[in-house]
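# Structure at a glance
Each chain is listed here by its residues.
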Amino acid sequence: MPGLELQLAMAYQSPGKDGTVAEIGVVGSALYRWKLGQVTLVPFIELAHYTGADGIDGTRRLVLTAAVEADWKGWNASVVGMLRNSYDNTARDVHDVALTVSAGYRFRFGLGVS
């Protein structure tokens, strides 16, 4: 399907000499470039799962990110939402939510300002 991009990645951070455990993460994402006349919409979704998060044994983290960007004649605007759930054997569960809105302009020579 033209315009669709899929990615799968793995992250590994080795155990520290201070007793921290290895952090292992698996991430999958997808985006689609959708042309609507002169406007391009780019919806994006990503899911990441980590074990040993922050080097703490037994800690798991799940992060879901969803976004949409609109581009028109060098101008762009985006909205990004993120949900993060961390589960730790030694502390209470932590649930974060973040929302970002931005707008900007990309010059023809590649420099962008947001």
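Preceding this section is the structure that the text describes.
The paragraphs below set out a description of the structure included in this document.

### Some details on the overall build of the protein
Helix and strand counts for the protein come out as zero helices and eight strands. Starting at the N terminus and ending at the C terminus, the protein contains elements arranged as β-β-β-β-β-β-β-β. Its C-alpha atoms give the protein a radius of gyration of 18 Å, more than 25% over the compact-globule value 13 Å for 114 residues. C-alpha extents for the protein along the principal axes are approximately 55 × 25 × 25 Å. In the protein, which comprises 114 residues, the share counted as buried stands at 19%. Across the protein, the fraction of contacts at a sequence separation of at least 24, relative to all contacts at a separation of at least 6, is 35%. For the protein, the computed accessible surface area is about 8200 Å², with 61% contributed by carbon and sulfur atoms. Taken together, the 10 basic and 11 acidic charged side chains of the protein have centroids lying 11 Å from each other.

### Describing the packing of aromatic side chains
Within the structure shown, the criterion is met by three aromatic pairs. Centroid distance Tyr 105 to Phe 107: 5.0 Å. Interplanar angle 80°. Geometry classified as edge-to-face. Its relative accessible area of 26% is what places Tyr 105 among the partly exposed residues. Members of the aromatic cluster, joined through ring pairs, are Trp 75, Tyr 105, Phe 107 and Phe 109.

### Observations regarding a nonpolar patch on the surface
Side chains of Ile 45, Leu 47, Leu 62, Leu 64, Leu 83 and Val 97 sit close together on the surface and give an oily, nonpolar patch of about 510 Å² of accessible area. Mapped onto the nonpolar patch, the elements with two or more residues apiece are strand 4 (39-51) and strand 5 (60-72). With respect to the helices and strands, Leu 83 occurs in strand 6 (residues 75-87).

### Remarks on the pairing of strand 2 (residues 23-32)
A one-sided burial pattern is seen for strand 2, the buried positions being Glu 23, Gly 25, Val 27, Ser 29 and Leu 31 and the unburied ones Ile 24, Val 26, Gly 28, Ala 30 and Tyr 32. With ten bridges connecting them, strand 1 (residues 4-13) and strand 2 associate as antiparallel partners. Of the residues in strand 2, the one forming a bridge with Ala 11 is Gly 25. Of the strand pairs in this sheet, strand 2 and strand 4 are connected by eight bridges, and their pairing is antiparallel. When the bridges of strand 4 are listed, Gly 25 appears paired with Tyr 50.

What counts, and where the lines are drawn
Starting from 1, residues in each chain are numbered consecutively following that chain's sequence as written. Thresholds applied to this predicted model are a pLDDT of at least 70 for local features of residues and 80 or more for the giving and counting of side-chain atom pairs; totals over whole chains, interfaces and linings are not thresholded and use all residues. Heavy atoms from the whole structure form the basis of all side-chain values; hydrogens and water molecules are not counted. Per the convention used, a helix needs a DSSP run of H or I reaching at least four residues, while a strand needs a run of E reaching at least two, with both numbered from the N terminus. We take the radius of gyration over the C-alpha atoms and set the globule estimate at 2.2 Å times the residue count to the 0.38 power. Throughout, exposure labels follow a simple rule: accessible area from a 1.4 Å probe, protein chains only, divided by the maximum for the residue type, with under 20% read as buried, over 50% as exposed, and the rest as partly exposed. Residue contacts are defined here by distance: any two heavy atoms, one from each residue, within 4.5 Å place the two residues in contact. For the accessible areas, the method is Shrake-Rupley and the probe is 1.4 Å, while residue cover comes only from the protein chains on display. Counting rule for charge: Lys and Arg are taken as positive, Asp and Glu as negative, and neither His nor the chain ends is counted. In plain terms, the charge of a residue is placed at NZ if it is Lys, CZ if Arg, CG if Asp and CD if Glu. Pairing of aromatic rings covers Phe, Tyr and the six-membered ring of Trp, with a centre-to-centre limit of 6.5 Å; geometry is then stacked below 30 degrees between planes, edge-to-face above 60, and tilted otherwise. Like-charged residues are merged into a patch within 9 Å and nonpolar side chains (Val, Leu, Ile, Met, Phe, Trp, Tyr) within 5 Å, provided each residue has over 30% relative accessible area and no salt bridge. Salt bridges, as used here, are contacts in which a Lys or Arg side-chain nitrogen is within 4 Å of a carboxyl oxygen on Asp or Glu. For two strands to be treated as a pair, DSSP must find no fewer than two bridges joining them.

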